[in-house]
2 protein chains.
Amino acid sequence: MCPYRIVLEHVTSRWGVLVLIELLDRPYRFSELRRAIGRVGRVSEKMLTQTLQTLERDGLVHRDAKPVIPPRVDYSLTDLGREAADQVRALALWTEQRMPDVERARHTYDEARTRSAQAS
Amino acid sequence: MCPYRIVLEHVTSRWGVLVLIELLDRPYRFSELRRAIGRVGRVSEKMLTQTLQTLERDGLVHRDAKPVIPPRVDYSLTDLGREAADQVRALALWTEQRMPDVERARHTYDEARTRSAQAS
DNA sequence: CAGCATCCGGTACGATACTG
DNA sequence: CAGTATCGTACCGGATGCTG
């Protein structure tokens, strides 16, 4: 499989999308980020960790761990990450905007299928 | 979960991305589309069917089934689908472009981890 | 050719408990 | 607080066989 597709899948992954969009606003701490995303769709601690590690490895997210007690870790976007996040957010906004059209299309589709089911 | 996130996941899904990008060039028949995508990552017949149905239901893809023997079905983008596909392609192109940066970031990341593993 | 039905393995994902 | 480790499950996705 093409190497760039891997990165594309990281960026467009379920939680990757949400992480990038949230971090576009401002840096977040781990649990804080988890709560912020939680308003849209609950993410498990494990998945958030995994997603952040993947994005960090790809150079999209910067992890700043301060050696204090209790631990404090801040996540932010790198310049590269911001470029990706901008595009992802644009896509998300577009989706939100076009939701009515999608709903209408679905309704038409479902009705057509219901009819043909009745006809059988 | 927010309704628009569902659509976003359809669009950014593994095969959804590739279908949208391919259809941006021109309409495709089923098997033809499968082969076209196959150059990047093999997709099973089942997944392609499923992806196309989802995108059709969301009003992004138009399905034109001609009642002939042998069957001929053409898939194309709707206006709505083209809007989505444009954004997805932009993201894919960006990813391809920035691949060197990602590779470099990964190398740095992996090396740092190797070192700390040796230190233990 | 286009697609549906069925079975099945891998893994993505969540819940929980534990550590520094 | 910010994770790691372990376990169980649900679902993704592939392989195969069949239909119009």
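Everything below is about the structure shown above.
First, a word on scope: everything that follows refers to the structure included in this document. Keep in mind it's a predicted model, so treat the numbers as computed, not measured. (Residues numbered from 1 in each chain as written. Chains lettered and ligands numbered in written order. Predicted model: local features only at pLDDT ≥ 70, side-chain atom pairs only at ≥ 80, totals over all residues. Heavy atoms only, no water.)

### Focus on the interface of chain A and chain B
At step 1: Taken residue by residue, the interface counts 43 residues in chain A and 43 residues in chain B.
At step 2: At the boundary of chain A with chain B, total buried surface from both sides reaches about 4,100 Å², with 66% on carbon and sulfur atoms.
At step 3: Ranking the residues of chain A by area buried against chain B places Tyr 4, Arg 57 and Trp 94 of chain A at the top, with a combined share of 17%.
At step 4: Joining chain A to chain B, the criterion identifies 8 salt bridges.
At step 5: When the shortest N-O distance is used, the salt bridge between Glu 83 of chain B and Arg 98 of chain A registers 2.9 Å.
At step 6: Between the two partners, chain A and chain B, sit 11 residue pairs in polar contact (both at pLDDT 80 or more).
At step 7: At the level of secondary structure, the elements contributing two or more residues to the side of chain A that touches chain B comprise helix H1 (3–11), helix H2 (14–25), helix H4 (45–57), helix H5 (79–97) and helix H6 (99–119) of chain A. (Contact = heavy atoms within 4.5 Å. Buried area = accessible area lost by both parts, 1.4 Å probe. Salt bridge = Lys/Arg side-chain N within 4 Å of Asp/Glu carboxyl O. Polar contact = N/O pair within 3.5 Å; in protein donor to acceptor, adjacent residues only side chain to side chain. Helix = DSSP H or I, 4+ residues; strand = E, 2+ residues; numbered from the N terminus.)

### Side note on the environment of Thr 78 of chain A
Residue and element names in this part refer to chain A.
At step 1: Residue position: Thr 78 is located in the loop between strand E3 (72–77) and H5.
At step 2: Linking Thr 78 and Gly 59, residues 19 residues apart in sequence, is a C-alpha distance of 7.0 Å.
At step 3: The contacts of Thr 78, once residues within four sequence positions are left out, are Gly 59, Leu 60, Val 61 and His 62.
At step 4: Looking at Thr 78, its side chain comes within polar contact range of the main-chain nitrogen of Gly 81, at 2.9 Å.

### Some points on the pattern of salt bridges
At step 1: Inspection of every chain in the model, using the stated rule, returns 23 salt bridges over all chains.
At step 2: In this structure, the salt-bridge partner of Asp 74 of chain A is Arg 72 of chain A, at a minimum N-O distance of 3.1 Å.
At step 3: A residue is classified by how much of its surface remains accessible, and Asp 74 of chain A, at 13% relative accessible area, is buried.
At step 4: Assessed through its relative accessible area of 32%, Arg 72 of chain A is described here as partly exposed.
At step 5: Asp 86 of chain B is paired through a salt bridge with Arg 89 of chain B; the nearest N and O atoms lie 3.6 Å apart. Here the residue Asp 86 of chain B and the residue Arg 89 of chain B both occupy positions in helix H5 (residues 79–97), the gap between them amounting to 3 residues, near one helical turn.
At step 6: A residue is classified by how much of its surface remains accessible, and Arg 89 of chain B, at 34% relative accessible area, is partly exposed.
At step 7: Through salt bridges that share partners, Asp 64, Lys 66, Arg 72 and Asp 74 of chain A make up one connected network. (Buried < 20%, exposed > 50% of the residue type's maximum accessible area, 1.4 Å probe, protein only.)

### Comments concerning the protein's contact with DNA strand D
At step 1: Every one of the 20 residues lining DNA strand D counts as a neighbour, but Arg 63 and Tyr 75 of chain A together with Ser 44, Lys 46 and Pro 71 of chain B are closest to it.
At step 2: In this structure, a base nitrogen belonging to DNA strand D sits 3.0 Å away from a side-chain N or O atom of Glu 45 of chain A.
At step 3: Between DNA strand D and the protein, one listed contact pairs a phosphate oxygen with a side-chain N or O atom of Gln 53 of chain A at 3.3 Å.
At step 4: Only helix H3 (30–38), H4 and E3 of chain A together with helix H2 (14–25) and helix H4 (45–57) of chain B provide two or more residues apiece to the surface near DNA strand D.
At step 5: With 4 residues, H4 of chain A is the largest single contributor of residues to the surface near DNA strand D.
At step 6: Partitioning the surface near DNA strand D into residue classes produces 8 nonpolar, 4 polar and 8 charged. (Near = heavy atom within 4 Å. Nonpolar A, V, L, I, M, F, W, Y, C, P; charged D, E, K, R; others polar.)

### Here's the deal with the layout of surface pockets
At step 1: Each pocket or cavity is described by its volume, and for the largest pocket that value is around 220 Å³.
At step 2: Lining the largest pocket are Leu 18, Ile 21, Glu 22, Asp 25, Val 40, Arg 89, Ala 92, Leu 93 and Glu 96 of chain A together with Tyr 4 of chain B.
At step 3: At the level of secondary structure, the elements contributing two or more residues to the lining of the largest pocket comprise H2 and H5 of chain A.
At step 4: Across the lining of the largest pocket, the residue classes tally to 6 nonpolar, no polar and 4 charged.
At step 5: Size it by volume and the second largest pocket reaches roughly 160 Å³.
At step 6: As for the second largest pocket, its lining consists of Glu 9, His 10, Ser 13, Arg 14, Trp 15, Met 47, Gln 50, Thr 51, Thr 54 and Leu 55 of chain B.
At step 7: Where the lining of the second largest pocket is concerned, the elements lending two or more residues are helix H1 (3–11), H2 and H4 of chain B.
At step 8: Considering each element in turn, the lining of the second largest pocket owes the most residues, 5 residues, to H4 of chain B.
At step 9: Grouping the amino acids of the lining of the second largest pocket by side-chain chemistry returns 3 nonpolar, 5 polar and 2 charged. (1 Å grid on protein atoms, 1.4 Å probe; cavity = no way out; pocket = protein on both sides within 12 Å on 5 of 7 lines; lining within 4 Å. Points joined across faces, edges and corners; volume = space filled by probe spheres on them.)

### Brief notes about the relation of the copies chain A and chain B
At step 1: If you rotate chain A by 180° and push it 0.0 Å along the axis, it lands on chain B with an RMSD of 0.0 Å. Taken together, the rotation and translation describe the operation of a two-fold axis. Within chain A, the C-alpha atom positioned nearest to the axis of rotation is that of Thr 12 of chain A, 2.8 Å from it.
At step 2: Interface overlap between copies: 100% of the residues of chain A at the interface are likewise at the interface in chain B, consistent with a symmetric, same-surface contact. (Least-squares fit on C-alpha atoms with pLDDT ≥ 70 in both.)

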